Amino acid sequence: MTSSRTQAKLWYWQRASAMVMAVCVLGHLAVMIYAVRGGLSAAEILGRTHGSRLFASLYTLLVLACAVHVPIGLVAIAEEWAGWRGSKVTIGAGLFSALIAIMGLRAVYGVVAA
Amino acid sequence: MTKNLKVKIWRGGKEGGFATFDVPRQENQTVLDVVTYVQRNLDPLLAYRFACRVGMCGSCAMTVNGFARWTCRTNVSKVEKDGRLEIAPLSHLPIIKDLVTDMREFFDKGARAKGQFKGKQNRQDEFARVDPKSKERIAANAGIECIGCGVCYASCDVVGWRPEYLGPAALNRAWTLVNDVRDIQQTERLKVVAGDAGCNSCHSLGSCSERCPKQIEPTAGIAGLKMLVAMAALRGEI
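Residues numbered from 1 in each chain as written. Chains lettered and ligands numbered in written order. Predicted model: local features only at pLDDT ≥ 70, side-chain atom pairs only at ≥ 80, totals over all residues. Heavy atoms only, no water.

Caption draft 1: The sheet that holds strand S3 (residues 61-64) of chain B, seen in detail. All names here are of chain B. Sheet architecture is open: five strands sit in the order S2-S1-S5-S3-S4, paired in mixed fashion. Both outer strands of the open sheet, strand S2 (16-24) and strand S4 (67-70), are each paired with one neighbouring strand and no more. Looking at each pair of strands side by side, their axes are set apart by 35° on average, direction ignored. Alignment of S3 against strand S5 (residues 84-88), held across two bridges, turns out to be antiparallel. Paired with threonine 63 across the two strands is alanine 88, which belongs to S5. In this fold helix H1 (residues 31-42) packs onto strand S1 (4-12), S2, S3 and S5, with an angle of close to 95° to the strand it touches most, S2. (Pairing = 2+ DSSP bridges. Helix = DSSP H or I, 4+ residues; strand = E, 2+ residues; numbered from the N terminus. Axes fitted to C-alpha atoms, helices over the stretch in contact; angles between N-to-C directions. Contact = heavy atoms within 4.5 Å.)

Caption draft 2: Examining the interface of chain B and chain A more closely. Taken together, the contact pairs 19 residues of chain B with 13 residues of chain A. Both faces combined, the contact of chain B with chain A buries some 1500 Å², and carbon together with sulfur accounts for 51% of it. For the interface between chain B and chain A, the tally reads three salt bridges. Here Arg162(B) ties to Glu80(A) by a salt bridge, and the two come within 3.0 Å at their closest N and O atoms. With six residues, helix H10 (residues 218-234) of chain B is the largest single contributor of residues to the side of chain B that touches chain A. Of the residues in the side of chain B that touches chain A, the class split is nine nonpolar, five polar and five charged. (Buried area = accessible area lost by both parts, 1.4 Å probe. Salt bridge = Lys/Arg side-chain N within 4 Å of Asp/Glu carboxyl O. Nonpolar A, V, L, I, M, F, W, Y, C, P; charged D, E, K, R; others polar.)

Caption draft 3: A look at helix H3 (residues 53-81) of chain A. The end-to-end C-alpha distance of H3(A) is 41 Å, a good match for the 42 Å that 29 residues give at a rise of 1.5 Å each. Count one or two residues on from H3(A) and you reach Gly83(A), which has phi positive near 75°. (Expected span 1.5 Å × (residues − 1).)

Caption draft 4: Broad picture of the domain arrangement of chain B. Residues and elements named next belong to chain B. As assigned here, chain B comprises domain 1 (4-101) and domain 2 (104-234). Its C-alpha centre places domain 1 at a distance of 29 Å from the equivalent point of domain 2. Each side of the interface is counted separately: domain 1 has 13 residues, and domain 2 has 15 residues. Overall, the association of domain 1 and domain 2 removes approximately 1100 Å² of surface from exposure, summing both partners, and the carbon and sulfur fraction of that is 68%. Together, Ala68, Trp70 and His92 form the three largest contributors to the area buried by domain 1 at its contact with domain 2, with a combined 46%. For the interface between domain 1 and domain 2, the tally reads zero salt bridges. At the boundary of domain 1 and domain 2, one finds two residue pairs in polar contact (both at pLDDT 80 or more). (Domains from an automatic or database assignment. Polar contact = N/O pair within 3.5 Å; in protein donor to acceptor, adjacent residues only side chain to side chain.)

Caption draft 5: Molecular detail of the packing of aromatic side chains. All names here are of chain B. Going through the model one piece at a time under the given rule, you end up with six aromatic pairs over all chains. A ring pair is formed by phenylalanine 106 and phenylalanine 107, whose centres lie 5.0 Å apart and whose planes are at 65°; its orientation type is edge-to-face. Positioned above the aromatic ring of phenylalanine 18, the side-chain terminus of lysine 8 is 5.5 Å from the ring centre. (Phe/Tyr/Trp six-rings, centres within 6.5 Å; stacked < 30°, edge-to-face > 60°. Lys NZ or Arg CZ within 6 Å of the ring centre and 35° of its normal.)

Caption draft 6: Representation of the pattern of salt bridges in the model. All names here are of chain B. Under the counting rule described, the total for this entry stands at 15 salt bridges over all chains. Measuring nitrogen to oxygen at the nearest pair gives 2.9 Å for the salt bridge that ties aspartate 22 to lysine 6. Note that aspartate 22 is positioned in strand S2 and lysine 6 in strand S1, a separation of 16 residues in sequence. Of the residues examined, aspartate 22 reaches a relative accessible area of 42% and is grouped as partly exposed. As a salt-bridge pair, arginine 189 and aspartate 183 come within 3.1 Å of each other at their nearest N and O atoms. Overall, the relative accessible area of 0% leaves arginine 189 in the buried class. Bridged by salt links that share partners, the residues Arg11, Asp43, Lys97 and Asp98 form one connected network. (Buried < 20%, exposed > 50% of the residue type's maximum accessible area, 1.4 Å probe, protein only.)

Next comes the structure, spelled out in structure tokens:
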């Protein structure tokens, strides 16, 4: 049982993160279409992404938006489809959020800075 | 038009089964006419509810060929498939017997969503003046024709997944009162409808709006509640 205020906050965080994701996904599609023009070799892609602040900003934002959006939806799925309730679900969702953030940001770091 | 209808009707409680009846087909026959024919001529022990027969009281809703409908205003020609009808009690509500469900939880949720009007004026005061063209009045108008039939509640998947969910009818009622400028318990109402069982559980699937026999759109009202609740949370009011 979460408070009314928490529920309302979760709703607008999920709504706001969805809006951010929608914009980022459009950016992602544009990057993809641009990227394939010169072929799809790893060296070619890394050559373009290395040191790109724009690339880093776009994908960092996308990863963070996913880390906010996904766990809120997962809690609803766990509650409604699996019947799981309580703090274990919240903790599990929090850990999943951390996993998305860590893996996503590591990937961004990998193609931009490493 | 077939001469006879093959009608399967739910008999028993939760553990029960369908019994099949042959009912003469007639012009302009409603599903409620069919059930009444069965009860009066074929099986007097059949339990079902109805009162007004003209779409006002909201007591005759049943599941007809898989969809919740008001049976008094549902013409057989609209729903029969190859002369067959399957009539069952409403979903998401405990069955008392045959087609009669226990609707207490449905109505209790209406009360829990602060579905009661509370004003500050008394009978000595002047009438409150509400502009018919105001945004609030128009929003309330869109939802006030609810007859409490339970069709939306029985059609809502979220009610099935999350039994404590207040449901479309209760939230629609809350939405009409949120838009009643005379009501004085708005913050308490927003607190209730913002909770675990409230408006934020709605996934906007829209079955309630699609099936409502009064063409009310609870989905739209619930979306309005979500916005109000979010704004109230941002302002720290709830």
